Amino acid sequence: MTPVTLTTLGPETLCREAATSRSQLYRLLEGEGGVARYIQRSRLTESFALLCDPSNGDSIGKVAELLCFADGSSFSRAFRREFGVSPSDTRAAARVGRPVMPPMSKAASGAPSFEECLYRL
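Predicted model only: the values in this text are computed from it and were never measured. Once a new chain begins, its residue numbering starts again from 1 and follows that chain's sequence as written. Confidence filtering applies because this is a predicted model: local features only for residues at pLDDT of at least 70, side-chain atom pairs given and counted only at 80 or more, and all residues used for totals across whole chains, interfaces and linings. Note that the side-chain values use all heavy atoms of the structure and ignore hydrogens as well as water.

## Some thoughts on the nonpolar core
Okay, step 1: To qualify as a nonpolar core, a set must consist of buried Ala, Val, Leu, Ile, Met, Phe, Trp, Tyr and Cys residues joined through side-chain atoms within 4.5 Å. Exposure classes here rest on a 1.4 Å probe applied to the protein chains alone. A residue is buried below 20% of its type maximum, exposed above 50%, and partly exposed in between. The biggest cluster of nonpolar side chains holds 13 residues, and the ones touching the most others in it are Leu44, Phe69, Phe75 and Phe79.
Okay, step 2: Think of it this way: any DSSP run of H or I at least four residues long counts as a helix, any run of E at least two long counts as a strand, and we number them from the N terminus. When residues of this core are traced back to their parent elements, those giving at least two are helix 3 (35-52), helix 4 (60-66) and helix 5 (72-83).
Okay, step 3: Each residue touching phenylalanine 69, except ones within four places of it in the same chain, is listed here: Gln40, Arg43, Leu44, Ala64, Phe75 and Ala78.
Okay, step 4: Counting eight residues, the second-largest nonpolar core is a separate cluster that includes Cys15, Val35, Tyr38 and Ile39. We call two residues in contact whenever any of their non-hydrogen atoms come within 4.5 Å of each other.

Here it is, written out as structure tokens:
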């Protein structure tokens, strides 16, 4: 499977990359919270990595925009819900060299990746 950029990540892209039908894709990711949840979790995980990178100077709003969130406030709410900490606190910790806790999302806690889900087919 070729890498997919998160800005183009959507059901159509996942179907094409997995060579599967839309209905099969939705069944496949049902146990992971659904396709929309899988996509959001992937984008949030990427945003966590970007915010932890001290060399990344993009504003939090720009990170939200890059990863296709509607606006900064909805991104911040989703980020806090997923990781239990705000994006600004995550960035501040990374900039002063404090260890930043890895994401405690379902994706990071041992849930199967998209590729692993495909092997179930």
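## Points about unusual backbone geometry
Okay, step 1: Not every positive phi belongs to a glycine, and alanine 19 is a case in point at roughly 50°.
Okay, step 2: Among the structural elements, alanine 19 can be located in the loop between helix 1 (11-18) and helix 2 (22-28).
Okay, step 3: A relative accessible area of 73% means that alanine 19 is categorised as exposed.
Okay, step 4: The backbone of cysteine 68 shows a phi angle near 65°, a positive value even though the residue is not glycine.

## Topic: helix 1
Okay, step 1: Taken together, the buried positions of helix 1 are occupied by Pro11, Thr13, Leu14, Cys15 and Ala18.
Okay, step 2: Within two residues after helix 1, alanine 19 carries a phi angle of roughly 50°, on the positive side.

## Considering the packing of aromatic side chains
Okay, step 1: Centres within 6.5 Å make a pair out of two Phe, Tyr or Trp rings, where for Trp the six-membered ring is used; the pair is then stacked when the planes are under 30 degrees apart, edge-to-face when over 60, and tilted otherwise. A full pass over the atoms with the stated rule returns five aromatic pairs.
Okay, step 2: Aromatic pair phenylalanine 79 and phenylalanine 83: ring centres 4.8 Å apart, planes at 65°, arrangement edge-to-face. Note that phenylalanine 79 and phenylalanine 83 are positioned in helix 5 at a spacing of four residues, about one turn of the helix. Taken as a pair, phenylalanine 79 and phenylalanine 83 share a single burial class, namely buried.

Functional significance is not addressed by these values, which are geometric in nature.
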